[in-house]
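Listed here are the chains, written in short residue letters.
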Amino acid sequence: MTIHLRDYPEARLAAQPIGYWSDVTARLVLARIRGELAEERLAQPHWWTLNHVAGEPGGWQRAALADKLRPYAVGIVPAVDFDLVLDDLLDRGWLTEDANGLTLTEAGEAGRQRARHRLAAAHERIHDGIPAGEWAAALNVLRRMVANLGGDADLPT
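Source: prediction; values computed, not measured.

### Some details on helix H5 (residues 82–92)
Side chains of residues three or four places apart in an α-helix project in the same direction, reflecting 3.6 residues per turn. The complete set of buried residues in H5 reads Phe82, Val85, Leu86, Leu89 and Arg92. The buried side chains of H5 occupy one side of the element, clustering within an arc of 130 degrees when seen end-on. Among the exposed residues of H5, those oriented more than 90 degrees off its buried face are Leu84 and Asp91. Elements in contact with the buried residues of H5: helix H3 (44–55), helix H4 (62–69), strand E1 (95–98) and strand E2 (101–104). N-cap assignment for H5: the residue whose side-chain oxygen lies 2.9 Å from the backbone N of aspartate 83 is aspartate 81.

### Re the side chain of histidine 46
Along the chain, histidine 46 turns up in helix H3. Here histidine 46 is in contact with Val85, Asp88, Leu89 and Arg92, once residues within four sequence places are set aside.

### Description of the pattern of salt bridges
The final tally for this structure, using the stated rule, is 12 salt bridges. Salt-bridge contacts for arginine 32 lead to glutamate 36; the nearest nitrogen and oxygen are separated by 3.4 Å. Of this pair, arginine 32 and glutamate 36 both sit in helix H2 (residues 18–38), 4 residues apart, roughly one helical turn. For glutamate 36, a relative accessible area of 17% gives the class buried. Each of Arg32, Glu36, Glu40, Arg114 and Arg118 takes part in salt bridges that share partners, so that together they form one network.

### Structural notes on the pairing of E2
In terms of strand pairing, E1 meets E2 through 4 bridges, oriented antiparallel. Residue pairing in the sheet places glutamate 97 in a bridge with leucine 102 of E2. A loop of 2 residues connects E1 with E2, the two strands running antiparallel in sequence.

### Quick word on a nonpolar patch on the surface
On the surface, Met1, Ile3 and Leu5 cluster together into a nonpolar patch covering about 420 Å² of accessible area. Tracing the backbone through its elements, the reader meets isoleucine 3 in the segment before helix H1 (10–14).

What counts, and at which threshold
- Residues numbered from 1 in each chain as written.
- Predicted model: local features only at pLDDT ≥ 70, side-chain atom pairs only at ≥ 80, totals over all residues.
- Heavy atoms only, no water.
- Buried < 20%, exposed > 50% of the residue type's maximum accessible area, 1.4 Å probe, protein only.
- Helix = DSSP H or I, 4+ residues; strand = E, 2+ residues; numbered from the N terminus.
- Arc of directions from axis to C-beta.
- Contact = heavy atoms within 4.5 Å.
- Polar contact = N/O pair within 3.5 Å; in protein donor to acceptor, adjacent residues only side chain to side chain.
- Salt bridge = Lys/Arg side-chain N within 4 Å of Asp/Glu carboxyl O.
- Pairing = 2+ DSSP bridges.
- Patch = residues over 30% accessible without salt bridge, like charges linked within 9 Å, V, L, I, M, F, W, Y side chains within 5 Å.
- Areas by Shrake-Rupley, 256 points an atom, 1.4 Å probe, with all protein chains shown as cover.

Here is the structure:
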């Protein structure tokens, strides 16, 4: 269901405040993502944790995983306590922890896949009507702004 936008002259669009549009976009995208995750009783830090553990079963210790994920949580209020996130996932039976590290359980993988499916549908909606080339161009514009302001414009790992 592609929504059609009103056409404006390029000069008028170029004069628009990027802070306003990037803020509106971020708030709407995050609300959609967080809403989908909430259907599985997850927050973004849970999602990041599940994906990292799934990608390296038994390869993450608590402290190392928290250190890896902490930069993604900048600006989240209240501040993310990754020990609480891990304890929640352990209490649910979605993760196990032993001397080798953290491992996703079958229940954890099932929950991760349900959340993944929900987020895929949200991403389809967000991307609707935007060709891949335009999407890439928009990201490169944002990356250039980040670099211009002294930030890290590399893609996250």
